[in-house]
Amino acid sequence: MSSAEPTRTLRTDARENREKLVRAAAARFAAEGSGVALESIARTAGVGVGTLYRHFPTREALVEAVYRKEVDALCACSGELLAELPADAALEAWMERFIAYAATERGLSAALKSVASSQSELFAATRERLLTAIGALLGAGIATGRLRDDVTADDVLTAMNAVWTISDEGEQWAARARRVLRLLMDALRVGS
């Protein structure tokens, strides 16, 4: 089991503190990068630094927990979006959420490199989960005739990965990422 995952059942208050720490870290990492002081993350979460270190003995453990939380949220929302929206709109909304995920991951990029060296299966598993989520969205769109049937989930993820090549220009990064993914959505729609 990963150091970022609890190894035992936590008391309710401890679980809530852990969740607050992960949320605070995700927000701070996205805004400031992974170099943000851990004490500052603890303050943002409203807990002491000792509480942070009890849950996450290393910065890498906290980074991994944030990464896992972001991937979980992104992958879980595909079914919810399909239940609420037409399939093509669901894929487009999922891509918007991918941008938020990418913004957090960009903030974690330096720290994720150290996690990657010890947790290579983490990234392989993430890729498979992303392909599954995209596959469900794409399959629904193909079944309803809204999306092209000559592309695969791997094609879509490969194209979506273009957002990682956009230069970091602060606020402009998200706008440029949205434009790239809108172009991709236009190419995926039948009759576009």
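Residues numbered from 1 in each chain as written. Predicted model: local features only at pLDDT ≥ 70, side-chain atom pairs only at ≥ 80, totals over all residues. Heavy atoms only, no water.

Chemist: Give a description of the overall build of the protein chain that names residues and reports values.
Modeler: Along its length, the protein chain carries eight helices and zero strands. Going from N to C terminus, the protein chain has its helices and strands arranged as α-α-α-α-α-α-α-α. Residues counted as buried form 43% of the 192 residues belonging to the protein chain. Look at the contacts in the protein chain between residues 6 or more apart in sequence, and 68% of them connect residues 24 or more apart. (Helix = DSSP H or I, 4+ residues; strand = E, 2+ residues; numbered from the N terminus. Buried < 20%, exposed > 50% of the residue type's maximum accessible area, 1.4 Å probe, protein only. Contact = heavy atoms within 4.5 Å.)

Chemist: Hey, could you go over helix H1 (residues 12-32) for me, with residue numbers and the actual values?
Modeler: Residue pairs three or four apart in sequence face the same way in an α-helix, which turns once every 3.6 residues. With 21 residues, H1 extends 30 Å between its outermost C-alpha atoms, agreeing within 8% with the 30 Å of an ideal straight helix rising 1.5 Å per residue. Considered for burial, the residues of H1 that qualify are Ala14, Asn17, Arg18, Leu21, Val22, Ala24, Ala25, Ala26, Arg28 and Phe29. Positioned one or two residues after H1, Gly33 has a phi angle of 90°, which is positive. (Expected span 1.5 Å × (residues − 1).)

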